[in-house]
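# Structural features, examined
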Amino acid sequence: MTEIFAYLGEMLTYPFMQRAFLAGILISVCASLLGVSLVLKRYSMIGDGLSHVGFGALAAASALHLAPLAVAVPVVILAAFVLLRLSENGKLKGDAAVAMFSTGALAAGVMIVSVTTGMNADLNSYLFGSILAMSRSDVVLSVALAAAVLILYLVFYNQLFAVTFDPVFARATGVRTGFFNSLLAVLTAVTVVLGMRMMGALLISSLIIFPALTAMRVCRRYRTVILVSALLSVSGFALGMTVSFLFATPAGASIVVVDILFYCIFAALGAARSR
């Protein structure tokens, strides 16, 4: 036990690990909170679709020598709005729209990379995740945007709750469902772009989906699901980063493996309780 604590103490002495934990915990909380609403609205894979759009935007930014996040954030927000409108208009079902955007944007990104700069280290880190490579400016931006997401979520908690469970009733009671659905889309887009640096475009959706699904195996009340989901997300991040440090495994993949383990444990607990 003392050796484990010694390893943990050593891990947190490195500046890059301190930056990783500061940004990672905030992003994990944001992803878990939004994930509950997205799972309940049957929009679980929007994170996957938006992350692929983000990769396409980052590839274009790299080819044009522009700031990656400055290009990716507005492009992904626009994609979130388009996905929302397509779903609301009924022209494309939510999963079909996400699949179309996901594959199209990823293909565009690969084409841009192949004919311009090639797969450099920075693009590779956004595709597979490299939280340990986060610079001080990345952390400052991540903390600022994550704080904005948390504040907006808490301020509009009741309205987001209403549009998640019964948008028709919410609209009848005067809630501006269109605005709050758009707000949910914007918050998700910002969280996805921030999380890509940590988890990579291929794994960011797991940070949104797993904590919410895991909490729902045991919890039944919405507020309890949110609190447990946030706790699981932060715990999964911390344990995943510890595993990554101890065994030199990829950080994003380590976090996902821990989240899967949590899900299996909670699924077993839920099944035992139902008996």
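Bear in mind the structure is a predicted one, so any value in this text is a computation, not a measurement.

Secondary structure summary: the protein contains 13 helices and 0 strands in total. Starting at the N terminus and ending at the C terminus, the protein contains elements arranged as α-α-α-α-α-α-α-α-α-α-α-α-α. Taken against the 2.2 N^0.38 rule, which gives 19 Å for 275 residues, the C-alpha radius of gyration of the protein at 19 Å falls within 12% of a compact globule. Taken along its principal axes, the extent of the C-alpha atoms in the protein is 55 × 55 × 30 Å. Split into buried and exposed, the 275 residues of the protein put 48% on the buried side. When contacts within the protein are restricted to residue pairs at least 6 apart in sequence, long-range pairs at least 24 apart make up 76% of them. When the accessible surface of the protein is totalled, it reaches about 13,100 Å², and 70% of it is carbon and sulfur.

Moving on, we get to helix α7 (residues 136-155). Because the α-helix completes a turn every 3.6 residues, residues three or four places apart line up on one side. For α7, spanning 20 residues, the distance from its first C-alpha to its last is 29 Å, which sits close to the expected 28 Å at 1.5 Å a residue. Taken residue by residue, α7 has D138, V139, S142, A146, V149, L150 and Y153 as its buried positions. Taken around the axis of α7, the buried residues stretch over an arc of 95 degrees, which confines them to a single face. For α7, the exposed residues set more than 90 degrees away from the buried face come down to R136, S137, V140, I151 and V155. Elements in contact with the buried residues of α7: α2 (15-40), α8 (157-165), α10 (177-199) and α12 (222-247).

UniProt annotation of "transmembrane region" (unreviewed entry) refers to residues 20-40, 52-84, 96-118, 139-160, 180-213, 225-247 and 253-272 when read in the numbering used here. A distance of 16 Å separates the end C-alpha atoms of residues 52-84, which is 88% helix and 0% strand.

Tracing the backbone shows H52 in helix α3 (residues 46-63). A sequence separation of 55 residues divides H52 from A107, and the C-alpha atoms of the two residues are 9.0 Å apart. Sequence-distant contacts of H52, defined by excluding residues within four places in its chain, comprise S102, A105, L106, A201 and L202.

With that settled, the discussion passes to the state of the cysteines. Going through the model one piece at a time under the given rule, you end up with 0 disulfides. C219 carries a free sulfur, and the closest cysteine sulfur to it, the one in C264, is 17 Å from it.

Thresholds applied
- Residues numbered from 1 in each chain as written.
- Predicted model: local features only at pLDDT ≥ 70, side-chain atom pairs only at ≥ 80, totals over all residues.
- Heavy atoms only, no water.
- Helix = DSSP H or I, 4+ residues; strand = E, 2+ residues; numbered from the N terminus.
- Rg over C-alpha atoms; globule rule 2.2 N^0.38 Å.
- Buried < 20%, exposed > 50% of the residue type's maximum accessible area, 1.4 Å probe, protein only.
- Contact = heavy atoms within 4.5 Å.
- Areas by Shrake-Rupley, 256 points an atom, 1.4 Å probe, with all protein chains shown as cover.
- Expected span 1.5 Å × (residues − 1).
- Arc of directions from axis to C-beta.
- UniProt positions renumbered as here; feature names shortened; annotations may be inferred.
- Disulfide = S-S within 2.5 Å.

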